Protein chains: 2
Amino acid sequence: MLSKEDIFKKYLASKNLKFTTERQVILDRVFADHKHFEADELLVDLRLNDLKVSKATIYRTLALLVQSGLLREVIYGERHAHYEHVYGHEHHDHLVCNNCDKIIEFTEHRIEKLQEEVCKKYKFKAESHRLQIQGLCENCSKKNNCAVK
Amino acid sequence: MLSKEDIFKKYLASKNLKFTTERQVILDRVFADHKHFEADELLVDLRLNDLKVSKATIYRTLALLVQSGLLREVIYGERHAHYEHVYGHEHHDHLVCNNCDKIIEFTEHRIEKLQEEVCKKYKFKAESHRLQIQGLCENCSKKNNCAVK
DNA sequence: TGTTTTTTTAAAGTTATTTTTAAATATAAT
DNA sequence: ATTATATTTAAAAATAACTTTAAAAAAACA
(Lines give C-alpha, C1' and ligand atoms only; values in the text may rest on other atoms or scores of the structure.)
Protein backbone atom coordinates (compact mmCIF):
# COMPACT_ATOMS: atom_id res chain seq x y z
CA MET A 1 0.00 0.00 0.00
CA LEU A 2 1.20 3.47 -0.84
CA SER A 3 2.14 5.75 2.03
CA LYS A 4 0.44 9.08 2.58
CA GLU A 5 3.50 10.82 1.19
CA ASP A 6 3.49 8.68 -1.91
CA ILE A 7 -0.17 9.28 -2.55
CA PHE A 8 0.23 13.01 -2.11
CA LYS A 9 3.36 13.18 -4.25
CA LYS A 10 1.68 11.18 -6.95
CA TYR A 11 -1.33 13.46 -6.91
CA LEU A 12 0.84 16.57 -7.01
CA ALA A 13 2.91 15.17 -9.84
CA SER A 14 -0.22 14.40 -11.82
CA LYS A 15 -1.14 18.07 -11.57
CA ASN A 16 2.38 19.35 -12.17
CA LEU A 17 2.58 20.65 -8.64
CA LYS A 18 5.55 20.42 -6.34
CA PHE A 19 6.01 18.63 -3.05
CA THR A 20 7.30 21.65 -1.15
CA THR A 21 8.53 21.89 2.42
CA GLU A 22 5.32 23.61 3.43
CA ARG A 23 3.17 20.89 1.93
CA GLN A 24 5.29 18.29 3.69
CA VAL A 25 4.96 20.08 7.01
CA ILE A 26 1.19 20.32 6.68
CA LEU A 27 0.84 16.70 5.62
CA ASP A 28 2.86 15.53 8.61
CA ARG A 29 1.00 17.65 11.08
CA VAL A 30 -2.40 16.69 9.74
CA PHE A 31 -1.63 13.02 10.15
CA ALA A 32 0.32 13.35 13.39
CA ASP A 33 -2.87 13.02 15.33
CA HIS A 34 -6.02 11.20 14.49
CA LYS A 35 -8.71 13.75 15.07
CA HIS A 36 -11.26 15.83 13.29
CA PHE A 37 -9.91 19.30 12.82
CA GLU A 38 -10.59 22.68 11.29
CA ALA A 39 -8.33 24.84 9.20
CA ASP A 40 -7.88 27.32 11.99
CA GLU A 41 -7.02 24.64 14.52
CA LEU A 42 -4.32 23.38 12.22
CA LEU A 43 -2.95 26.88 11.95
CA VAL A 44 -2.75 27.24 15.73
CA ASP A 45 -1.27 23.78 16.06
CA LEU A 46 1.48 24.60 13.57
CA ARG A 47 2.25 27.86 15.36
CA LEU A 48 2.51 26.07 18.69
CA ASN A 49 5.01 23.72 17.16
CA ASP A 50 7.07 26.55 15.71
CA LEU A 51 6.18 25.56 12.21
CA LYS A 52 5.55 28.65 10.16
CA VAL A 53 3.25 28.24 7.22
CA SER A 54 0.99 31.04 6.14
CA LYS A 55 -2.73 30.85 6.37
CA ALA A 56 -3.16 30.97 2.60
CA THR A 57 -0.89 27.96 2.18
CA ILE A 58 -2.78 26.03 4.80
CA TYR A 59 -6.08 26.60 3.04
CA ARG A 60 -4.60 25.75 -0.33
CA THR A 61 -2.90 22.62 0.93
CA LEU A 62 -5.99 21.33 2.69
CA ALA A 63 -7.84 21.62 -0.59
CA LEU A 64 -5.09 19.61 -2.27
CA LEU A 65 -5.21 16.95 0.43
CA VAL A 66 -8.92 16.59 -0.08
CA GLN A 67 -8.47 16.38 -3.85
CA SER A 68 -5.82 13.73 -3.44
CA GLY A 69 -8.24 11.65 -1.43
CA LEU A 70 -6.26 11.71 1.81
CA LEU A 71 -8.74 13.86 3.68
CA ARG A 72 -12.42 14.40 3.49
CA GLU A 73 -14.46 17.37 4.46
CA VAL A 74 -17.24 16.83 6.93
CA ILE A 75 -19.60 19.49 8.07
CA TYR A 76 -21.33 19.42 11.38
CA GLY A 77 -23.90 22.08 10.83
CA GLU A 78 -21.39 24.82 11.41
CA ARG A 79 -20.30 27.37 8.90
CA HIS A 80 -16.76 26.23 8.34
CA ALA A 81 -15.09 23.11 7.06
CA HIS A 82 -14.14 20.18 9.26
CA TYR A 83 -11.67 17.63 8.04
CA GLU A 84 -10.97 14.04 8.86
CA HIS A 85 -8.59 11.35 7.68
CA VAL A 86 -9.59 9.07 4.89
CA TYR A 87 -6.16 7.46 4.68
CA GLY A 88 -5.72 4.71 7.25
CA HIS A 89 -9.22 5.03 8.55
CA GLU A 90 -12.28 2.93 7.93
CA HIS A 91 -15.37 4.75 6.83
CA HIS A 92 -17.50 5.71 9.77
CA ASP A 93 -20.33 7.97 10.80
CA HIS A 94 -20.90 10.30 13.71
CA LEU A 95 -22.91 10.83 16.83
CA VAL A 96 -22.68 14.50 17.73
CA CYS A 97 -23.62 15.74 21.18
CA ASN A 98 -25.69 18.91 21.06
CA ASN A 99 -24.60 19.80 24.55
CA CYS A 100 -20.84 19.26 24.76
CA ASP A 101 -20.04 18.85 21.05
CA LYS A 102 -18.42 15.49 21.69
CA ILE A 103 -18.16 13.37 18.56
CA ILE A 104 -18.44 9.60 18.71
CA GLU A 105 -17.48 7.67 15.61
CA PHE A 106 -19.22 4.45 14.74
CA THR A 107 -19.19 1.91 11.97
CA GLU A 108 -22.27 -0.09 11.10
CA HIS A 109 -21.95 -2.23 8.03
CA ARG A 110 -25.60 -3.18 8.03
CA ILE A 111 -26.55 0.47 7.53
CA GLU A 112 -24.17 0.71 4.60
CA LYS A 113 -25.75 -2.41 3.09
CA LEU A 114 -29.19 -0.87 3.32
CA GLN A 115 -27.88 2.31 1.74
CA GLU A 116 -26.71 0.23 -1.20
CA GLU A 117 -30.19 -1.22 -1.50
CA VAL A 118 -31.72 2.25 -1.52
CA CYS A 119 -29.30 3.39 -4.19
CA LYS A 120 -30.05 0.39 -6.33
CA LYS A 121 -33.74 1.10 -6.03
CA TYR A 122 -33.28 4.65 -7.32
CA LYS A 123 -30.53 3.69 -9.78
CA PHE A 124 -28.34 6.14 -7.93
CA LYS A 125 -24.59 5.81 -8.13
CA ALA A 126 -23.28 6.64 -4.66
CA GLU A 127 -19.94 8.34 -4.33
CA SER A 128 -19.98 9.14 -0.65
CA HIS A 129 -22.32 9.43 2.22
CA ARG A 130 -22.64 11.02 5.55
CA LEU A 131 -24.80 9.98 8.45
CA GLN A 132 -24.90 12.17 11.46
CA ILE A 133 -27.01 11.65 14.54
CA GLN A 134 -27.48 14.64 16.81
CA GLY A 135 -28.53 14.28 20.39
CA LEU A 136 -27.10 13.96 23.86
CA CYS A 137 -24.16 11.82 24.83
CA GLU A 138 -24.35 9.61 27.88
CA ASN A 139 -22.83 12.20 30.20
CA CYS A 140 -24.93 15.10 29.03
CA SER A 141 -28.19 13.18 29.05
CA LYS A 142 -27.54 12.21 32.67
CA LYS A 143 -26.99 15.82 33.59
CA ASN A 144 -30.04 17.00 31.69
CA ASN A 145 -32.35 14.54 33.35
CA CYS A 146 -32.43 16.67 36.46
CA ALA A 147 -31.92 20.21 35.32
CA VAL A 148 -31.93 22.08 32.08
CA LYS A 149 -28.48 23.10 31.00
CA MET B 1 -55.42 17.77 13.35
CA LEU B 2 -54.42 21.39 13.62
CA SER B 3 -53.68 23.22 10.42
CA LYS B 4 -50.34 24.89 9.76
CA GLU B 5 -51.92 28.24 10.45
CA ASP B 6 -53.36 27.07 13.74
CA ILE B 7 -50.06 25.64 14.87
CA PHE B 8 -48.22 28.81 13.98
CA LYS B 9 -50.82 31.07 15.55
CA LYS B 10 -50.79 29.00 18.69
CA TYR B 11 -47.01 29.17 18.88
CA LEU B 12 -47.00 32.91 18.31
CA ALA B 13 -49.70 33.45 20.91
CA SER B 14 -47.73 31.43 23.43
CA LYS B 15 -44.86 33.86 22.94
CA ASN B 16 -47.05 36.94 22.83
CA LEU B 17 -46.23 37.49 19.20
CA LYS B 18 -48.61 38.54 16.48
CA PHE B 19 -49.77 36.74 13.39
CA THR B 20 -48.97 39.57 11.00
CA THR B 21 -49.59 39.81 7.29
CA GLU B 22 -45.90 39.26 6.62
CA ARG B 23 -45.81 36.13 8.73
CA GLN B 24 -48.91 34.89 6.94
CA VAL B 25 -47.37 35.58 3.55
CA ILE B 26 -44.20 33.73 4.45
CA LEU B 27 -46.06 30.78 5.91
CA ASP B 28 -48.18 30.47 2.78
CA ARG B 29 -45.28 30.71 0.43
CA VAL B 30 -43.16 28.27 2.37
CA PHE B 31 -45.89 25.65 2.21
CA ALA B 32 -47.11 26.50 -1.27
CA ASP B 33 -44.60 24.12 -2.72
CA HIS B 34 -43.11 21.03 -1.24
CA LYS B 35 -39.43 21.59 -1.70
CA HIS B 36 -36.29 22.13 0.22
CA PHE B 37 -35.37 25.76 0.18
CA GLU B 38 -32.98 28.33 1.49
CA ALA B 39 -33.67 31.70 3.03
CA ASP B 40 -32.41 33.47 -0.03
CA GLU B 41 -34.47 31.36 -2.42
CA LEU B 42 -37.55 32.22 -0.45
CA LEU B 43 -36.68 35.89 -0.74
CA VAL B 44 -36.36 35.63 -4.51
CA ASP B 45 -39.53 33.59 -4.73
CA LEU B 46 -41.47 36.21 -2.80
CA ARG B 47 -40.10 38.96 -5.00
CA LEU B 48 -41.11 37.09 -8.13
CA ASN B 49 -44.61 36.84 -6.78
CA ASP B 50 -44.75 40.53 -5.97
CA LEU B 51 -44.84 39.82 -2.29
CA LYS B 52 -42.66 42.31 -0.52
CA VAL B 53 -41.23 41.19 2.77
CA SER B 54 -37.85 42.37 3.91
CA LYS B 55 -34.89 40.08 4.32
CA ALA B 56 -34.77 40.62 8.06
CA THR B 57 -38.39 39.54 8.41
CA ILE B 58 -37.77 36.45 6.34
CA TYR B 59 -34.91 35.37 8.55
CA ARG B 60 -36.85 36.12 11.70
CA THR B 61 -39.95 34.32 10.49
CA LEU B 62 -38.04 31.24 9.39
CA ALA B 63 -36.60 31.03 12.87
CA LEU B 64 -40.10 31.23 14.29
CA LEU B 65 -41.35 28.53 11.94
CA VAL B 66 -38.55 26.26 13.06
CA GLN B 67 -39.30 27.02 16.70
CA SER B 68 -42.94 26.27 16.16
CA GLY B 69 -42.02 22.87 14.78
CA LEU B 70 -43.39 23.46 11.29
CA LEU B 71 -40.01 23.46 9.61
CA ARG B 72 -36.70 21.89 10.25
CA GLU B 73 -33.28 23.00 9.27
CA VAL B 74 -31.16 20.67 7.21
CA ILE B 75 -27.70 21.30 5.96
CA TYR B 76 -26.35 19.79 2.77
CA GLY B 77 -22.70 20.41 3.16
CA GLU B 78 -23.09 24.02 2.29
CA ARG B 79 -22.49 26.90 4.58
CA HIS B 80 -26.01 28.12 4.99
CA ALA B 81 -29.27 26.78 6.31
CA HIS B 82 -31.65 24.68 4.25
CA TYR B 83 -35.20 24.19 5.38
CA GLU B 84 -37.76 21.50 4.83
CA HIS B 85 -41.29 20.80 5.94
CA VAL B 86 -41.90 18.85 9.08
CA TYR B 87 -45.63 19.45 8.96
CA GLY B 88 -47.33 16.92 6.74
CA HIS B 89 -44.17 15.10 5.87
CA GLU B 90 -42.70 11.81 7.09
CA HIS B 91 -39.06 11.79 8.14
CA HIS B 92 -36.84 10.96 5.22
CA ASP B 93 -33.28 11.13 4.04
CA HIS B 94 -31.67 12.33 0.84
CA LEU B 95 -29.81 11.25 -2.25
CA VAL B 96 -28.07 14.29 -3.69
CA CYS B 97 -26.77 14.34 -7.24
CA ASN B 98 -23.32 15.88 -7.49
CA ASN B 99 -23.91 16.74 -11.09
CA CYS B 100 -27.37 18.25 -11.38
CA ASP B 101 -28.11 18.88 -7.69
CA LYS B 102 -31.29 16.87 -7.90
CA ILE B 103 -32.49 15.68 -4.52
CA ILE B 104 -34.29 12.37 -4.13
CA GLU B 105 -36.00 11.74 -0.82
CA PHE B 106 -36.26 8.27 0.59
CA THR B 107 -37.54 6.59 3.69
CA GLU B 108 -35.99 3.39 4.97
CA HIS B 109 -37.28 2.25 8.31
CA ARG B 110 -34.69 -0.48 8.63
CA ILE B 111 -31.92 2.13 8.61
CA GLU B 112 -33.68 4.04 11.36
CA LYS B 113 -33.94 0.83 13.39
CA LEU B 114 -30.21 0.23 13.08
CA GLN B 115 -29.54 3.80 14.10
CA GLU B 116 -31.50 3.15 17.26
CA GLU B 117 -29.33 0.13 17.93
CA VAL B 118 -26.19 2.19 17.49
CA CYS B 119 -27.48 4.85 19.87
CA LYS B 120 -28.37 2.26 22.44
CA LYS B 121 -24.88 0.82 22.20
CA TYR B 122 -23.32 4.19 22.94
CA LYS B 123 -26.02 5.25 25.40
CA PHE B 124 -26.64 8.17 23.11
CA LYS B 125 -29.98 9.92 23.21
CA ALA B 126 -30.80 10.82 19.62
CA GLU B 127 -32.76 13.98 18.90
CA SER B 128 -32.45 14.05 15.16
CA HIS B 129 -30.43 12.61 12.38
CA ARG B 130 -29.45 13.29 8.87
CA LEU B 131 -28.32 10.82 6.25
CA GLN B 132 -27.20 12.09 2.94
CA ILE B 133 -25.82 10.08 0.08
CA GLN B 134 -23.91 11.98 -2.59
CA GLY B 135 -23.36 10.63 -6.03
CA LEU B 136 -24.90 10.61 -9.47
CA CYS B 137 -28.56 10.26 -10.24
CA GLU B 138 -29.71 7.87 -12.96
CA ASN B 139 -29.69 10.51 -15.68
CA CYS B 140 -26.33 11.98 -14.85
CA SER B 141 -24.60 8.66 -14.44
CA LYS B 142 -25.80 7.66 -17.91
CA LYS B 143 -24.40 10.83 -19.39
CA ASN B 144 -21.13 10.49 -17.55
CA ASN B 145 -20.53 6.95 -18.74
CA CYS B 146 -19.50 8.24 -22.11
CA ALA B 147 -18.00 11.61 -21.54
CA VAL B 148 -16.82 13.65 -18.63
CA LYS B 149 -19.18 16.44 -17.78
C1' DT C 1 -58.44 59.28 20.31
C1' DG C 2 -53.97 59.05 22.30
C1' DT C 3 -50.41 56.05 24.02
C1' DT C 4 -47.65 52.08 24.20
C1' DT C 5 -45.82 48.05 22.25
C1' DT C 6 -44.65 45.26 18.52
C1' DT C 7 -43.25 44.69 13.97
C1' DT C 8 -41.38 45.90 9.59
C1' DT C 9 -38.17 47.96 6.57
C1' DA C 10 -33.92 49.22 4.14
C1' DA C 11 -29.56 49.90 4.90
C1' DA C 12 -25.58 49.42 7.27
C1' DG C 13 -23.01 46.46 10.15
C1' DT C 14 -21.08 42.15 11.74
C1' DT C 15 -18.50 38.06 11.80
C1' DA C 16 -15.84 34.37 10.57
C1' DT C 17 -13.94 32.00 7.00
C1' DT C 18 -11.73 31.82 2.95
C1' DT C 19 -9.52 33.85 -1.28
C1' DT C 20 -6.95 37.11 -3.83
C1' DT C 21 -3.11 40.11 -4.54
C1' DA C 22 1.36 41.56 -5.47
C1' DA C 23 5.92 41.10 -4.27
C1' DA C 24 9.53 37.99 -2.90
C1' DT C 25 11.38 33.37 -3.22
C1' DA C 26 12.17 28.96 -4.86
C1' DT C 27 12.28 25.39 -8.30
C1' DA C 28 12.67 23.45 -12.87
C1' DA C 29 13.76 23.65 -17.71
C1' DT C 30 16.56 25.10 -21.48
C1' DA D 1 23.31 31.10 -16.27
C1' DT D 2 18.94 32.52 -18.02
C1' DT D 3 14.30 32.08 -18.46
C1' DA D 4 9.94 30.40 -17.27
C1' DT D 5 6.91 28.46 -13.97
C1' DA D 6 5.26 27.62 -9.45
C1' DT D 7 4.92 28.78 -4.60
C1' DT D 8 4.88 31.34 -0.46
C1' DT D 9 3.82 35.16 2.33
C1' DA D 10 1.33 38.84 4.80
C1' DA D 11 -2.06 41.78 4.23
C1' DA D 12 -6.01 43.27 2.19
C1' DA D 13 -10.25 42.05 0.13
C1' DA D 14 -14.04 39.25 -0.77
C1' DT D 15 -17.76 36.36 0.49
C1' DA D 16 -21.79 34.95 2.42
C1' DA D 17 -25.04 34.63 5.66
C1' DC D 18 -27.04 36.63 8.72
C1' DT D 19 -28.16 40.57 12.42
C1' DT D 20 -28.67 45.03 14.15
C1' DT D 21 -30.29 49.66 13.87
C1' DA D 22 -33.22 53.50 13.79
C1' DA D 23 -37.12 55.27 11.86
C1' DA D 24 -41.74 54.36 10.17
C1' DA D 25 -45.96 51.70 10.25
C1' DA D 26 -49.26 48.82 12.33
C1' DA D 27 -51.71 46.80 16.04
C1' DA D 28 -53.32 46.58 20.76
C1' DC D 29 -54.59 48.88 24.73
C1' DA D 30 -56.63 52.45 27.71
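Residues numbered from 1 in each chain as written. Chains lettered and ligands numbered in written order. Predicted model: local features only at pLDDT ≥ 70, side-chain atom pairs only at ≥ 80, totals over all residues. Heavy atoms only, no water.

### Some thoughts on the domain arrangement of chain A
Residues and elements named next belong to chain A. Annotation of chain A at the domain level lists domain 1 (1-89) and domain 2 (91-149). Facing the nine residues of domain 1 at the interface are nine residues of domain 2. Interface area, domain 1 with domain 2, both sides summed: about 780 Å², of which 47% is carbon and sulfur. Where domain 1 touches domain 2, the interface holds zero salt bridges. Where domain 1 touches domain 2, the interface holds eight residue pairs in polar contact (both at pLDDT 80 or more). By residue number, the principal contributor to the side of domain 1 that touches domain 2 is strand E2 (residues 71-74), which donates three residues. Split into classes, the residues belonging to the side of domain 1 that touches domain 2 amount to three nonpolar, three polar and three charged. (Domains from an automatic or database assignment. Contact = heavy atoms within 4.5 Å. Buried area = accessible area lost by both parts, 1.4 Å probe. Salt bridge = Lys/Arg side-chain N within 4 Å of Asp/Glu carboxyl O. Polar contact = N/O pair within 3.5 Å; in protein donor to acceptor, adjacent residues only side chain to side chain. Helix = DSSP H or I, 4+ residues; strand = E, 2+ residues; numbered from the N terminus. Nonpolar A, V, L, I, M, F, W, Y, C, P; charged D, E, K, R; others polar.)

### Here we look at helix H4 (residues 55-67) of chain B
All names here are of chain B. Its 13 residues place the ends of H4 19 Å apart at the C-alpha level, agreeing with the 18 Å of an ideal helix rising 1.5 Å per residue. Those residues of H4 lying buried are Thr57, Ile58, Thr61, Leu62, Leu64 and Leu65. Taken around the axis of H4, the buried residues stretch over an arc of 160°, which confines them to a single face. The exposed set on the far side of H4, more than 90 degrees from its buried face, consists of Lys55 and Arg60. Contacts from the buried residues of H4 go to helix H1 (4-14), helix H2 (21-32), strand E1 (37-38), helix H3 (39-48), strand E2 (71-74) and strand E3 (82-85). Of the residues trailing H4, Gly69 is marked for its positive phi of about 90°. (Expected span 1.5 Å × (residues − 1). Buried < 20%, exposed > 50% of the residue type's maximum accessible area, 1.4 Å probe, protein only. Arc of directions from axis to C-beta.)

### Remarks on the protein's contact with DNA strand D
What surrounds DNA strand D is a group of 20 residues, the closest being A:Thr20, A:Arg23, A:Arg60, B:Tyr59 and B:His80. By atom count, sugar and phosphate contribute 76% of the portion of DNA strand D lying within 4 Å of the protein. Within the side chain of A:Thr57, an N or O atom sits 2.9 Å from a phosphate oxygen of DNA strand D. In the surface near DNA strand D, the residues fall into six nonpolar, four polar and 10 charged. (Near = heavy atom within 4 Å.)

### A few points about helix H2 (residues 21-32) of chain A
Think of an α-helix as 3.6 residues a turn; residues three or four steps apart then line up on the same face. All names here are of chain A. Between the first and last C-alpha of H2 there are 16 Å, a value that for 12 residues agrees with the 16 Å anticipated at 1.5 Å per step. All of the buried residues along H2 are Arg23, Val25, Ile26, Leu27, Val30 and Phe31. Packing partners of the buried residues in H2 comprise helix H1 (4-14), strand E1 (37-38), helix H3 (39-48), helix H4 (55-67), E2 and strand E3 (82-85).

### Focus: the environment of B:Gly88
In this structure, B:Gly88 sits in the loop between E3 and strand E4 (93-97). By relative accessible area, which is 68% here, B:Gly88 ends up exposed.

### Focus: the environment of A:Val74
All names here are of chain A. Looking at the secondary structure, you find Val74 in strand E2. Given a relative accessible area of 1%, Val74 falls into the buried group. For the pair Val74 and Arg47, spaced 27 residues apart in the sequence, the C-alpha separation amounts to 24 Å.

### Some remarks on the nonpolar core
A:Leu95, A:Phe124, B:Leu95 and B:Phe124 are the most contacted members of the largest nonpolar core, which totals 28 residues. Those elements that provide at least two residues to this core are strand E4 (93-97), strand E5 (103-106), helix H5 (109-121) and strand E6 (125-136) of chain A together with E4, strand E5 (103-106), helix H5 (109-121) and strand E6 (125-136) of chain B. The contacts of A:Phe124, once residues within four sequence positions are left out, are A:Cys119, B:Leu95, B:Val96, B:Cys97, B:Ile104, B:Ile133, B:Gln134, B:Gly135, B:Leu136 and B:Cys137. (Core = buried A, V, L, I, M, F, W, Y, C linked by side-chain atoms within 4.5 Å.)

### Regarding the sheet that holds E4(A)
Within a sheet, adjacent strands bond to each other through the backbone by hydrogen bonds, running parallel or antiparallel. Pairing within the open sheet is mixed, and its six strands lie in the order E5(A)-E4(A)-E6(A)-E6(B)-E4(B)-E5(B). A strand with exactly one partner marks an edge of an open sheet, and here the two such strands are E5 of chain A together with E5 of chain B. Sheet twist, expressed as the average angle between the axes of neighbouring strands with direction ignored, equals 20°. The sheet strands contacting H5(A) are E4, E5 and E6 of chain A together with E4, E5 and E6 of chain B, and the helix crosses E6(A) at an angle near 130°. (Pairing = 2+ DSSP bridges. Axes fitted to C-alpha atoms, helices over the stretch in contact; angles between N-to-C directions.)

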